[in-house]
Amino acid sequence: MGEKLLDVKNMKTSFYTHVGEVQAVRGVSFGLNKGEALGIVGESGSGKSVTSMSIMGLLQYPGKVKEGEIFFKNEDLTKKSSNEMMNIRGDQIAMIFQDPMTSLNPVYTIGNQIIEAIVRHQDVDKKEARVKAIDMLRLVGIPSPEKRVDNYPHEFSGGMRQRAMIAIALSCQPDLLIADEPTTALDVTIQAQILELIKELKDKMDTSIILITHDLGVVADVCSRIIVMYGGLIMEEGTAEQVFYEPTHPYTMGLLKSVPRMDVNEKQRLLPIPGTPPDLVKPPAGCPFSARCPYTMKICLEQAPDYTYVKPDHRAACWLLHEDAPHTDVDTGVKREGIE
C-alpha cells in the first residue's frame, strides 16, 4: 500500500437552480495513493466531472460542495480560502480539460501561458521560465519547441493543443494531475499518442493521476484502479482486472456489454443499457440504477444498498451481493447460498 495522497470522504455536491437542488454528487468516498493512476468512468451525468471540479475548487455558483471532506496531503481542501486554492491549483494539483481550444487563451502565445504558470508558482524570472517552457514543450513531444513557443493556440493542431495543455499542467511538477476526458475531441491515432504520453510522464515525474472518461478502453490502458459512477454515486470500485474481468454490479456489466470487443463474433450486436439516467433533482430512494436494471427487486426501489466488499480492494453497491439475495442468472462472482 502506497502513501495516501488524496482522501475524499462522503463528498456531496449540489447545484441550486430555479428547478430545485440538483444533487450531482451524493456521497462519494475514495482515496488515491502517491504515484497511482485512478480511472473514473460512467455515462454523461453520472457525476464524474463534478467530482473533479469539486476537488479542484473550481465550482462556481450555483454549484457548491455542501458536505464532506477532501483531504489532500492531509489538509482539507474544503477549508481552504479562494486564494489558498489558487496557490494549490497549477502547483500541487493540475488539470487537463476536455477541450483545449476553449481552455487555452486565444490572444496569448502558448509560451506565455506556460510561463505564467511557472512564474506564479516558482521562484524564477520570465527568462528562466521561458527556458523551462521550451523544455516542457519538448518533453510533451512538440517539434521545434524553440519556434513553437511563440505560436498562438489556433496555429496548433488539436493533438498539439492537447499536448500544450499537458505541458502547462505539468510545468510545476504537480503531485496530482486530473485529466477530464483528455482525448474526447481527438481522432483515434492522436488519442493513443496522448494516452501514451500521459503514461510516460506519470512514470517520469511520479505524478498521481485521476483520469475521467466514458471510454472504458482509455482507463484499461492507463489506470490500475477504476471507479464506476452512476447517478452521483460510486457503483463499483476495484482494480482494472477486477472491474473488467470480474464485474459485480449490473451497471458495470451493462457498460462492458455496450463496448465493441475483439474476441467475439463480428456479427454480435452491442447491447445498450435501456432507459435514461435518474433525475437528480428528485433522485430515487433506492439504488439509482434500479429503473434500468434487469435484476431489480422490491428492495432496490425502496432502499439504497451499502457497499459489499467482494475482496479487500473490490467493492460494489448492489443488493444482489447481499447474503440473503435470491439467485439470478447474473454472475456476480460471489459465492453465497441466498434464497431461492
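Rules used throughout
Residues numbered from 1 in each chain as written. Predicted model: local features only at pLDDT ≥ 70, side-chain atom pairs only at ≥ 80, totals over all residues. Heavy atoms only, no water. Helix = DSSP H or I, 4+ residues; strand = E, 2+ residues; numbered from the N terminus. Rg over C-alpha atoms; globule rule 2.2 N^0.38 Å. Buried < 20%, exposed > 50% of the residue type's maximum accessible area, 1.4 Å probe, protein only. Contact = heavy atoms within 4.5 Å. Lys, Arg positive; Asp, Glu negative; His and termini not counted. Charge placed at Lys NZ, Arg CZ, Asp CG, Glu CD. Polar contact = N/O pair within 3.5 Å; in protein donor to acceptor, adjacent residues only side chain to side chain. Phe/Tyr/Trp six-rings, centres within 6.5 Å; stacked < 30°, edge-to-face > 60°. Lys NZ or Arg CZ within 6 Å of the ring centre and 35° of its normal. 1 Å grid on protein atoms, 1.4 Å probe; cavity = no way out; pocket = protein on both sides within 12 Å on 5 of 7 lines; lining within 4 Å. Points joined across faces, edges and corners; volume = space filled by probe spheres on them. Nonpolar A, V, L, I, M, F, W, Y, C, P; charged D, E, K, R; others polar. Pairing = 2+ DSSP bridges.

Broken down by element type, the protein carries twelve helices and twelve strands. Relative to a compact globule of 340 residues, whose C-alpha radius of gyration would be 20 Å, the protein shows 21 Å and is just as compact. Referenced to the eigenvectors of the C-alpha coordinate spread, the extents of the protein come out at roughly 75 × 50 × 40 Å. Of all 340 residues assigned to the protein, the portion counted as buried reaches 49%. Intrachain contacts of the protein at a sequence separation of at least 6 include 64% that bridge at least 24 residues. If the 37 positive side-chain charges of the protein are averaged to one point and the 46 negative ones to another, these points end up 3 Å apart.

Let us look at the side chain of Ser171. Tracing the backbone shows Ser171 in the loop between α7 (158–170) and β7 (176–180). Take Ser171: its relative accessible area is 0%, and that puts it in the buried class. In this structure the side chain of Ser171 is engaged in a polar contact, spanning 2.8 Å, whose partner is the backbone oxygen of Ile168. What Ser171 contacts, discounting residues up to four positions off in sequence, is Ile114, Ala117, Ile118, Gln122, Lys132 and Met136.

Okay, the packing of aromatic side chains next. The final tally for this structure, using the stated rule, is three aromatic pairs. Measuring from centroid to centroid gives 4.6 Å for Tyr230 and Tyr251, while their planes differ by 45 degrees, and the two rings are tilted. Within this pair, whereas Tyr230 is found in strand β9 (residues 225–230), its partner Tyr251 is found in helix α11 (residues 250–257), the two being separated by 21 residues in sequence. Look at Tyr230 and you get buried, because its relative accessible area is 1%. In textbook terms, an aromatic cluster arises when at least three aromatic residues are bridged by ring pairs, as seen for Tyr230, Tyr251 and Phe289. One residue, Arg315, lies across the ring of Tyr307, its end atom 4.3 Å from the ring centre.

A separate point is unusual backbone geometry. For the peptide bond that leads from Tyr61 to Pro62, omega is 15 degrees, which places it in the cis range. Of note, Asn74 is a non-glycine position whose phi angle comes to about 70 degrees, a positive value. Locating Asn74 in the fold gives a position in the loop between β4 (63–72) and β5 (75–76). For Ser144, which is not glycine, the phi torsion reads 45 degrees and is therefore positive. Structurally, Ser144 can be placed in the loop between α5 (126–139) and α6 (145–148).

For the rest of this paragraph, the subject is empty space enclosed by the protein. This structure, assessed with the given rule, holds two cavities of 30 Å³ or more. Estimated volume of the largest cavity: approximately 90 Å³. Considering the residues around the largest cavity, the lining is formed by 13 residues, among which Pro250, Cys287, Cys293, Cys300 and Cys318 are closest to the centre. For the lining of the largest cavity, the class distribution of residues is ten nonpolar, three polar and no charged. Of the voids in this model, the second largest cavity is the one considered here, and its volume is about 40 Å³. When residues of the lining of the second largest cavity are traced back to their parent elements, those giving at least two are α7 and α8 (188–205). Per-element tally for the lining of the second largest cavity: the top contributor is α8, with three residues. Residues of the lining of the second largest cavity, tallied by class, amount to six nonpolar, one polar and one charged.

Counting buried positions along β9 gives six out of six residues, so the element sits mostly inside the fold. Covered by surrounding structure in β9 are Arg225, Ile227 and Met229 together with Ile226, Val228 and Tyr230, the residues of both alternating faces. Sheet analysis places strand β3 (residues 37–41) next to β9, joined by four bridges and oriented parallel. For Ile40, the partnering residue across the bridge sits in β9 and is Ile227. Bridge analysis of β9 against strand β10 (residues 233–239) gives six bridges, and the strand direction is antiparallel. Residue pairing for β10: Arg225 is matched across the bridge by Thr239.

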